[in-house]
Amino acid sequence: MTMAGGYAPLDRDVHPPFSHADYKSTALRSPRKPLVPLAHTLSEITGPVFGHDAFAPLDDNLTKNAVKNGEPLGERMIVTGRVLDEDGRGIPDTLIEIWQANAAGRYIHVNDQHDAPIDPNFFGAGRCVSNSEGSYRFTTIRPGAYPWPNHANAWRPPHIHFSLFGPSFVTRLVTQMYFPGDPLLEIDPIFQSIPAAAARRRLVAEFSPEVTEPEWALGYAWDIVLRGAGATPREA
Amino acid sequence: MPKQTASQTIGPYFAYGLTPEAYGRAGICGNVLAGADTAGGELIRVEGRVLDGGADPVDDALIEIWQANAAGRYNHSADARGEVALDEAFSGIGRCATDAEGRFWFETVKPGAVPGRGNTLQAPHINVVVMARGMLLHAFTRIYFSDENTANANDPVLESVEEARRPTLIAAREDSAKGPVFRFEIRLQGDGETVFFAA
């Protein structure tokens, strides 16, 4: 990556706006003044690097990384895919962190008071770095839906939170992966905040018979695309 | 060609995954970037609060910072300037979740100046990403320093911001017995809304 073009801008057809009336919490937390354009410098095209040695062996296996007295309850699953740039190239060595509710729809977070059981053998967080081809893989438990106070009888569709850095500070992305065939997606204000239907569909993982392991776990495939190289500007 | 993956909010429950120290687990990075053993540079503390459009504290935000070392070199392959000293022990990345009063803090070194576009020099600054429940997309801002008036006056990015809003990007220095503290408020909306960049 050279400084000349920096990274491509955030795609405004893809990313939600700051303000989305149906998602109530945006009302007071959405910046309202226009963003100030910032041509990329060394400050934007550099970013943190996390070595493979920063990880423990079970960090990518949420069914094993918090076991106290047995296996976590719920449907075991694998989610795997590639981290790509907008040219379709794999992004190697990038940090991926995930967190999620347990099978009953309960987060381990101290503020989650949903009346559903905590699983003593499930913490719900993991991390890995992509390999040389940009591939990642987690083993986990399929998360449950849970209620939230946004509107009457509101339920979040089951999802896994993903946090990625990519090759620079401006490729940072935090998002959520959803599950195919979920009727809650159509009425979820957070999912529906994404302007383009095609962009919404890309947040839904695909059930994959190839990833599914016999007698063991269902498999899902989900690729993540980060900002790629920007156009070279007309002036230096 | 593939299209970008859409952003979604970080939500209210990220802490046990991203800043899990309170849960007895090691995080990937924290809010102490430098200490007495850090080679070179002025040790500083950056403190602030995140406030919403009603001026109420945001108690579930995540602030991430990325900065050059005291010499002005980023610890990343895209900064290949051999003439500026690299400090391998200084990663430049920090992360802090806000507390019940919306507060965050970092202990770090004051970064050196880094080149801008063309032949310009940027004033010392820390790059910031703000994420929170109620934010569907992360927001980029920068922390500049109030004791760098001359460098700030010549900074091309500050210059691109309308003058009345520039103060939202400048952390105020307060000297304490423990060393310099730079105070930086992040106002997501309303009076004194922080300048956010289309970075």
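What counts and what doesn't
- Residues numbered from 1 in each chain as written.
- Chains lettered and ligands numbered in written order.
- Predicted model: local features only at pLDDT ≥ 70, side-chain atom pairs only at ≥ 80, totals over all residues.
- Heavy atoms only, no water.
- Helix = DSSP H or I, 4+ residues; strand = E, 2+ residues; numbered from the N terminus.
- Rg over C-alpha atoms; globule rule 2.2 N^0.38 Å.
- Buried < 20%, exposed > 50% of the residue type's maximum accessible area, 1.4 Å probe, protein only.
- Contact = heavy atoms within 4.5 Å.
- Lys, Arg positive; Asp, Glu negative; His and termini not counted.
- Charge placed at Lys NZ, Arg CZ, Asp CG, Glu CD.
- 1 Å grid on protein atoms, 1.4 Å probe; cavity = no way out; pocket = protein on both sides within 12 Å on 5 of 7 lines; lining within 4 Å.
- Points joined across faces, edges and corners; volume = space filled by probe spheres on them.
- Nonpolar A, V, L, I, M, F, W, Y, C, P; charged D, E, K, R; others polar.
- Salt bridge = Lys/Arg side-chain N within 4 Å of Asp/Glu carboxyl O.
- Core = buried A, V, L, I, M, F, W, Y, C linked by side-chain atoms within 4.5 Å.
- Buried area = accessible area lost by both parts, 1.4 Å probe.
- Polar contact = N/O pair within 3.5 Å; in protein donor to acceptor, adjacent residues only side chain to side chain.
- Pairing = 2+ DSSP bridges.

Draft legend 1. Representation of the overall build of chain B within the structure. A tally of helices and strands in chain B yields 3 helices and 12 strands. For chain B, whose C-alpha radius of gyration is 17 Å, the value lies close to the compact-globule estimate of 16 Å for 199 residues. C-alpha extents for chain B along the principal axes are approximately 55 × 45 × 40 Å. Residues classed as buried in chain B amount to 56% of the 199 residues present. Within chain B, contacts between residues at least 6 apart in sequence are counted, and of these 66% link residues at least 24 apart. Positive and negative side-chain charges in chain B, numbering 18 and 27 respectively, have mean positions lying 3 Å apart.

Draft legend 2. Here's a closer look at the layout of surface pockets. The space that makes up the largest pocket amounts to roughly 810 Å³. Of all elements in the fold, only strand 6 (146–147) of chain A together with strand 3 (93–97) of chain B reach the threshold of two or more residues within the lining of the largest pocket. A per-element tally of the lining of the largest pocket places strand 3 of chain B first, with 3 residues. Per-class residue counts for the lining of the largest pocket are 18 nonpolar, 13 polar and 8 charged. What the second largest pocket holds in volume is close to 320 Å³. Lining the second largest pocket we find 21 residues, and of these Tyr-7, Ile-91, Pro-92, Gly-166 and Pro-167 of chain A sit closest to its centre. Here the residues of the lining of the second largest pocket are counted per class, giving 11 nonpolar, 6 polar and 4 charged.

Draft legend 3. Quick peek at the pattern of salt bridges. Applying the stated criterion to the full structure yields 27 salt bridges over all chains. Here Asp-188 of chain A and Arg-156 of chain A are joined by a salt bridge, their closest N and O atoms 2.9 Å apart. Taken as a pair, Asp-188 of chain A in the loop between strand 9 (173–178) and helix 2 (189–192) and Arg-156 of chain A in strand 7 (residues 155–156) lie far apart in primary sequence, 32 residues in all. For Asp-188 of chain A, a relative accessible area of 0% puts it in the buried group. Overall, the relative accessible area of 2% leaves Arg-156 of chain A in the buried class. The partner of Glu-47 of chain B in a salt bridge is Arg-45 of chain B, and the shortest N-O contact between them spans 2.6 Å. The exposure class of Glu-47 of chain B is buried, given its relative accessible area of 18%. When salt bridges that share partners are traced, they join Glu-42, Lys-110, Asp-147, Glu-148, Arg-173 and Asp-175 of chain B into one network.

Draft legend 4. Geometry of the nonpolar core. One finds Trp-99 of chain A together with Ile-10 and Phe-197 of chain B to be the most contacted residues of the largest nonpolar core, which totals 46 residues. Those elements giving two or more residues to this core turn out to be helix 1 (42–45), strand 3 (95–100) and strand 4 (125–129) of chain A together with helix 1 (15–18), strand 2 (61–66), strand 7 (125–132), strand 8 (139–145) and helix 3 (156–159) of chain B. In terms of residue count, the dominant contributor to this core is helix 1 of chain B (3 residues). Of all hydrophobic cores here, the second largest spans 36 residues; its members include Phe-162, Leu-203 and Tyr-220 of chain A together with Ala-6 of chain B.

Draft legend 5. View of the interface of chain B and chain A. The partner chain A presents 86 residues to the 72 residues of chain B that form the contact. Both faces considered, chain B and chain A share a buried interface measuring about 6,900 Å² in area, 61% of it formed by carbon and sulfur atoms. At the surface where chain B touches chain A, the tally comes to 4 salt bridges. The salt bridge partner of Arg-95 of chain B is Glu-97 of chain A, with a shortest N-O separation of 2.9 Å. Taken together, the connections running from chain B to chain A amount to 40 residue pairs in polar contact (both at pLDDT 80 or more). Of all the secondary structure elements, the ones that give two or more residues to the side of chain B that touches chain A are helix 1, strand 2, strand 3, strand 5 (114–115), strand 7, strand 8 and strand 12 (197–198) of chain B. Of the residues in the side of chain B that touches chain A, the class split is 39 nonpolar, 19 polar and 14 charged. Pairing geometry for strand 1 (residues 36–37) of chain A and strand 12 of chain B, over 2 bridges, is parallel. Bridge assignment links Pro-37 of chain A to a residue of strand 12 of chain B, and that residue is Ala-198 of chain B.

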